[in-house]
Amino acid sequence: MKNINIYTLTSELHDAQSVNQATEAFLNSLHVNFDLKGDDYSDYGTAALSVIFVRTGGTEGIFRQLLPQLQSASHDSKFYLLTSGKSNSLAASLEILSFLRQQGLQGEVIHGTTEHITHRLQVLEQVELARKKLNGCRIGVIGRPSDWLISSTADYTAIKQKVGIDIIDIPMEELLNVIRQTPLQKDTTESLKTPCEKQIADALPGAEQIYHALKTLIDKHQLRGLTIRCFDLLTTVHNTGCIALAQLNAEGIVSGCEGDVPTLLTMMLTNAVTGVSGFQANPAHINPENGETLFAHCTIPLNMLEHYELDTHFESGIGVAIRGYMKPGPVTLFKVSGNLQRNFLAEGQLLRCEGKPDLCRTQEVILLNDASQARYFLTDPIGNHHVVVPGHVKEVMDELLNTINS
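Quick look at the structure, then. (Residues numbered from 1 in each chain as written. Predicted model: local features only at pLDDT ≥ 70, side-chain atom pairs only at ≥ 80, totals over all residues. Heavy atoms only, no water.)

Before going further, it helps to examine the overall build of the protein chain. When you go through the protein chain residue by residue, the secondary structure sums to 12 helices and 17 strands. C-alpha extents for the protein chain along the principal axes are approximately 85 × 50 × 40 Å. Expressed as a percentage of the 406 residues in the protein chain, the buried residues total 53%. Considering only intrachain contacts with a sequence separation of at least 6, the fraction spanning at least 24 residues in the protein chain is 75%. Here the protein chain displays about 18,100 Å² of accessible surface, and carbon together with sulfur accounts for 48% of that area. Mean positive and mean negative side-chain charge positions of the protein chain (32 and 45 charges, respectively) differ by 2 Å. (Helix = DSSP H or I, 4+ residues; strand = E, 2+ residues; numbered from the N terminus. Buried < 20%, exposed > 50% of the residue type's maximum accessible area, 1.4 Å probe, protein only. Contact = heavy atoms within 4.5 Å. Areas by Shrake-Rupley, 256 points an atom, 1.4 Å probe, with all protein chains shown as cover. Lys, Arg positive; Asp, Glu negative; His and termini not counted. Charge placed at Lys NZ, Arg CZ, Asp CG, Glu CD.)

Now the structure itself:
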């Protein structure tokens, strides 16, 4: 089954053979994979993206009769009307769209060059696949958000209504109990060269113990994502969750730090579109004149890295943290608020990764394409954590957010 189903609207006044020939030529010119359903709407709404190809004029009344069936099949759908512009199809599409708007419904006419139509369908396919991936997910908040996250609150009800994600609160003590019950595998490494290497080797079994304990909670609560009040681990088990979160993200379980729910939500959206969770990080230095910004944190998904090194956790000097190195190139900075009403999206270039000793271990220097966007951080930021996403994905993210909030 393909991700795009294309249905047709055709007036009986037009010659069927010539319309079919024009349809074949037009759809074959598009570089997308689709199933052509014709005028059989019985499975409308089952594919990721359902598109109505208005092939001719005189189809407005047919659509109005179909509308109740289409609405019952896909309650929150936006109606996508594809047109080649032949046989008065564009005029009919505009009339249908106007009718939809009068009914308080969302719609869009997809029309233009072959290249434009192809690109638009590809973007919409990505968006609808992401929405389906998010709907029905469960994510866990292990412990409360860290005390310093005074603005990073989340509206669980709004998140459920807009993207279909259920959020559950899991007491920190539940994780600590599982950690105590999880076997600790001793490290037998001998040829250590420095005290720091010895410290890290001694901490690695405990870091892996945290990872396995989190896996137990993931299975128990059927989670697709989690965020953990990780600094509590420093005082309770004298270790960090940095390795565990890096591994879980690489396995497809979206995992964030410090109990930050808006950032976890941002990472869930990122993962749904790109397949990776993104790098949760703090801006550590900003040049508002040229848009060069340094982001840092002590963990990063392992599947985003060319290579990495192990170090201690920056603030505490204990446990195990990751100094990761991403490949330089295009990136997107992304953050949503805890009710999805605000967002920040900016594209840029990852210039280099650094390893300064006075910062969180993974450090990325990013040059924003639009230097003026650096002012956002200094005037109206959505919290301190932001997410670095590989590639330029602003267009798709914008479309996803517009769809979610429409």
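Having seen the model, we can carry on.
Once that is clear, we can look at the packing of helix α4 (residues 114–134) against helix α10 (residues 261–274). One can describe the packing of α4 onto α10 by two numbers: an axis separation of 8 Å at closest approach and a directional angle of 125°. Classed by the angle they form, the pair α4 and α10 counts as oblique. The crossing of α4 and α10 is right-handed. On the side of α4, the interface is formed by Q126, A130, K133 and L134, while α10 contributes M268, L269, N271, A272 and V273. Class assignment for the residues of the contact of α4 with α10 results in 6 nonpolar, 2 polar and 1 charged. (Axes fitted to C-alpha atoms, helices over the stretch in contact; angles between N-to-C directions. Parallel < 35°, antiparallel > 145°, perpendicular 65-115°, else oblique. Left-handed = near helix turned anticlockwise from the far one by under 90°. Nonpolar A, V, L, I, M, F, W, Y, C, P; charged D, E, K, R; others polar.)

Let's shift gears to helix α1 (residues 16–28). With 13 residues, α1 extends 18 Å from end C-alpha to end C-alpha; this agrees with the ideal 18 Å at 1.5 Å per step. Of the positions making up α1, those classed as buried are V19, T23, F26 and L27. Axial view of α1: buried residues confined to an arc of 90°, hence all on one face. Across from the buried face of α1, at angles greater than 90 degrees, the exposed residues are Q17, E24, A25 and N28. In this structure, the buried residues of α1 make contact with β1 (4–9), β2 (35–38), β3 (49–54), β4 (79–82) and α4. (Expected span 1.5 Å × (residues − 1). Arc of directions from axis to C-beta.)

This part covers the packing of aromatic side chains. Enumeration according to the criterion identifies 10 aromatic pairs in this entry. Taking the centre distance of 6.2 Å and the plane angle of 40° together, the rings of Y41 and Y44 count as tilted. Relative accessible area serves as the criterion here: at 4%, Y41 is assigned to the buried category. (Phe/Tyr/Trp six-rings, centres within 6.5 Å; stacked < 30°, edge-to-face > 60°.)

Time to look at the side chain of T182. Here T182 lies in the loop between α6 (172–181) and α7 (195–221). Setting aside anything within four residues of it in sequence, one finds T182 in contact with Q209, H212 and A213.

A separate point is the state of the cysteines. By definition, a disulfide links the sulfur atoms of two cysteines through a covalent bond. Tallying each qualifying case throughout the model produces 0 disulfides. Between C230, a cysteine without a disulfide, and C257, which holds the nearest cysteine sulfur, the sulfur-to-sulfur distance is 4.9 Å. Assessed through its relative accessible area of 12%, C230 is described here as buried. (Disulfide = S-S within 2.5 Å.)

As a further point, take the side chain of H385. Summarising the element assignment, H385 is placed in the loop between α11 (374–379) and β17 (386–390). For H385, a relative accessible area of 0% corresponds to the buried category. If we ignore the near neighbours within four places in the chain, the residues touching H385 are L149, E258, D260, T263, Q280, A281, N282, H297 and K335.

With respect to the helices, strands and loops of the structure, H31 is situated in the loop between α1 and β2. A C-alpha to C-alpha distance of 8.7 Å links H31 and T114, two positions 83 residues apart in sequence. With sequence-adjacent residues up to four places away left out, H31 is seen in contact with T118 and Q122.

Taken in spatial order, the 4 strands of this open sheet run β7-β6-β8-β9, and their pairing is parallel. With partners counted over all chains shown, the strands left at the sheet margins are β7 (166–170) and β9 (254–257), one partner each. Going across the sheet, the axis of each strand differs from the next one's by a mean of 15°, ignoring polarity. Sitting on the sheet, helix α9 (residues 242–250) touches β8 (225–228) and β9, and the angle it makes with β9 is about 155°. (Pairing = 2+ DSSP bridges.)

Here we come to the nonpolar core. Of all hydrophobic cores here, the largest spans 32 residues; its most connected members are I165, M268, L269 and F334. Where this core is concerned, the elements lending two or more residues are α4, β6 (138–142), α5 (156–163), α10, β14 (329–336), β17 and α12 (394–405). Those residues in contact with L269 that lie beyond four places of it in its chain are L134, V163, F334, V336, L340, M397, L400, L401 and I404. Core analysis: the next-biggest nonpolar cluster, separate from the first, contains 30 residues, A203, I243, I300 and F377 among them. (Core = buried A, V, L, I, M, F, W, Y, C linked by side-chain atoms within 4.5 Å.)

A few words now on the pairing of strand β13 (residues 321–325). Within β13, 5 of the 5 residues are buried, which leaves it mostly tucked inside the rest of the structure. Across the two faces of β13 the burial is the same, with A321, R323 and Y325 and I322 and G324 all buried. With 5 bridges joining them, strand β12 (residues 307–311) and β13 adopt antiparallel strand pairing. Following the sheet pairing, D311 is matched in β13 by A321.

For the rest of this paragraph, the subject is the pattern of salt bridges. Oppositely charged side chains can form a pair if their charged atoms are brought close together. Tallying each qualifying case throughout the model produces 21 salt bridges. The closest approach of N and O atoms between K2 and D35, which form a salt bridge, is 3.7 Å. Residue K2 is found in the segment before β1, and its partner D35 is found in strand β2; the two are separated by 33 residues along the sequence. In this structure K2 comes out as partly exposed when scored by relative accessible area, which is 35%. With its nearest N and O atoms 3.2 Å apart, the salt bridge here joins R342 to D380. With a gap of 38 residues between them, R342 in the loop between β14 and β15 (343–354) and D380 in the loop between α11 and β17 connect regions that are remote in the sequence. Judged by relative accessible area, which is 33%, R342 ranks as partly exposed. Sharing partners across several salt bridges, the network here consists of K78, E108, R120 and E399. (Salt bridge = Lys/Arg side-chain N within 4 Å of Asp/Glu carboxyl O.)

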